[in-house]
Amino acid sequence: MHNNDRYIFYGGQLKSNIHCGRTSLADLIIHRLKNHGNDVAFIDAVSGKTITFRQILDSALRVAHRMKQYDLGRRSIIGIMSENRLEYSIAAFATIFVGAIIIPLNPSYTTTELKHVLNLISPQMIFTSSKAHSTLNSLMPEYPSIKFIVSLDDVQVEPRVKYFQEFLNNSNNSMISPDPAILKNDVAVMVLSSGTTGLPKAVQLTHFNVMTVVAYMREDPRYNDLSVPIRLLGLLPFYHVYGFMLMLNVCCNRYSMVVLPRFEPDLLLRSIQDYKVTMANLVPPLVVFLAKHPSIERYDLSSLKAILCGAAPLSMDIELQVVRRLPQIQSIRVGYGMSEASLGVISKTNSKPGTVGRVHKTSWVKVVDTEHGKTLGPYQIGEICIKGPLVMKGYYKNEQATRETIDAEGWLHSGDTGYFDDEGDFFIVDRIKDLIKYKGFQVAPAEVEDVLLGHPGIKDAAVVGIPDEASGELPTAFVVLQDGARLSAVEVQRLVASKLSPQKHLRGGVYFVQEIPKTGSGKILRRELRDKLVKIEKSKL
């Protein structure tokens, strides 16, 4: 036994069997949708239209039968390129029912971004909304592997474009007997890694990976501890692993969700108020919105009892501001995970500030020294590593990246730094690649950002390192001010200097911008900010 094995944390076993005796993810979804019957699953926040579990099953079966008529089935790759909408679950489940692999795509992709993805995955068919249609349609001549696009909206009929309505109108809604899957080997879903440090990679999640998420969410104490019926906020994009798994959670574990196609302050707040949303799954920029936006006071948000937050680090100060502003929320239950681990592996159920919580059931987590790989003890900062049934099969068509991420013993190296305390509560520091190296010191951007976001005049902020010959890198801030706020660069630098040690001071300067570039899941695109700094420095020469 290795000396530090006691510092490998195991979350324990689930009470129920992960696959519940079902032979595939499709088999599980069909079984659950039948059982949930005529209860409402999704409500469209804009139109008020609803859809029941039974209607989702009936429609998904019709679409699946039509897909089979077009020879789409086992191992076909099918994309959904759309904002959140009621039809999303129908398209996703129909794909899963025929044994194909579903890959959710960002409807805001530019032509360049979409080309990279299409070259990587070579899908046979893509469901698309009008928002994404023109970008995709312009590329169709270059990609003959795509048999056709299925338009979720009424767009003009063109070659290789079909209407979703045609698929829905299929009279055949008889039950499908899905092929049994090799649960731990067959891929059910692919999600694209966020690409914050490079081009996105396709993460392969097996039937067993996804069924483990469903089983864990069924027992998640953050859901089971709530004293009111759960109605979720469906604002997180379904094309992101967090949003997609929430959508699946609604359908498999019998919740209801108010679906929002986009973020608009008044639409979000009115949806919580009018539809009595009780739980909001958010990312840090949206929690910052709840902490700081003046519109909050104009709406009755008393139904909201729980906020779950993940996808990027959340400032402790912001957490406290929200709890003060919305006192019915006891604490914000933060979680930690990644696409490569199917979703979350650590979450907080206590009220200890700053922590992301303890290891989930089914998972093992340890912290290792980034140079030698040695397992570390309490309060020692290193790389967080994950093992268990949530770890992905690997990256699609990228064995080298898979080997670099999952070691020979099956440990997934997250690329995130953190530590745990004496009670086994974990704390996230930052992305390894995002750490700023100043004179040998490692500076975590998230720590400096916490200080900046704590100022009432600052709406949003991001910190990156700017290359410096003498010091290696200098911490540099991009700041978005609140409307009407006045702050100088010197005042921002003094704010940080008054609260943090010298290596964390903003020696690289402060730049005021209109917005901070982020992924759909709320992660800061630091690469774009570094590129912006390079251009600024060149313009000075």
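Residues numbered from 1 in each chain as written. Predicted model: local features only at pLDDT ≥ 70, side-chain atom pairs only at ≥ 80, totals over all residues. Heavy atoms only, no water.

**Some remarks on the sheet that holds strand β15 (residues 332-338)**
In a beta sheet, neighbouring strands are held together by backbone hydrogen bonds and run either parallel or antiparallel to one another.
Right, on to step 1. Here 9 strands make up an open sheet; going across it, the order is β3-β2-β12-β11-β13-β14-β15-β16-β17 and the pairing mixed. In this open sheet, the two strands that pair with only one neighbour each are β3 (50-52) and β17 (358-359).
Right, on to step 2. When strand β14 (residues 306-309) meets β15, the two strands line up parallel, connected through 3 bridges. Each bridged residue has a counterpart across the sheet, and for Cys309 the counterpart in β15 is Val334. (Pairing = 2+ DSSP bridges. Helix = DSSP H or I, 4+ residues; strand = E, 2+ residues; numbered from the N terminus.)

**Some words on the sheet that holds strand β1 (residues 9-10)**
Right, on to step 1. Strand order in the open sheet made by the 5 strands is β1-β18-β19-β21-β22, with antiparallel pairing throughout. Of all the strands in the sheet, the pair left with one neighbour each is β1 and β22 (426-431).
Right, on to step 2. Where strand β21 (residues 412-420) and β22 come together, 5 bridges link them in antiparallel fashion. Its bridge partner being in β22, Thr417 is matched across the sheet by Asp430.

**Concerning the pairing of strand β18 (residues 364-368)**
Right, on to step 1. The buried fraction of β18 amounts to 4 of the 5 residues, a majority that puts the element mostly inside the structure.
Right, on to step 2. Pairing geometry for β1 and β18, over 2 bridges, is antiparallel. Pairing of Tyr10 across the sheet is with Trp364, part of β18.
Right, on to step 3. The pairing of β18 with strand β19 (residues 382-387) spans 5 bridges and is classified as antiparallel. Counterpart to Val365 in the pairing with β19 is Ile386. (Buried < 20%, exposed > 50% of the residue type's maximum accessible area, 1.4 Å probe, protein only.)

**Observations concerning the packing of helix α1 (residues 25-36) against helix α2 (residues 53-69)**
Right, on to step 1. It is at 7 Å that the axes of α1 and α2 come closest, and there the two elements cross at 135°. As the angle between them shows, α1 and α2 are arranged oblique. Between α1 and α2 the crossing geometry is left-handed. Only Phe53, Arg54, Ile56 and Leu57 of α2 make contact with α1, whose side of the interface consists of Ile30, Leu33, Lys34 and His36.
Right, on to step 2. Considering only residue class, the contact of α1 with α2 consists of 5 nonpolar, 1 polar and 2 charged. (Axes fitted to C-alpha atoms, helices over the stretch in contact; angles between N-to-C directions. Parallel < 35°, antiparallel > 145°, perpendicular 65-115°, else oblique. Left-handed = near helix turned anticlockwise from the far one by under 90°. Contact = heavy atoms within 4.5 Å. Nonpolar A, V, L, I, M, F, W, Y, C, P; charged D, E, K, R; others polar.)

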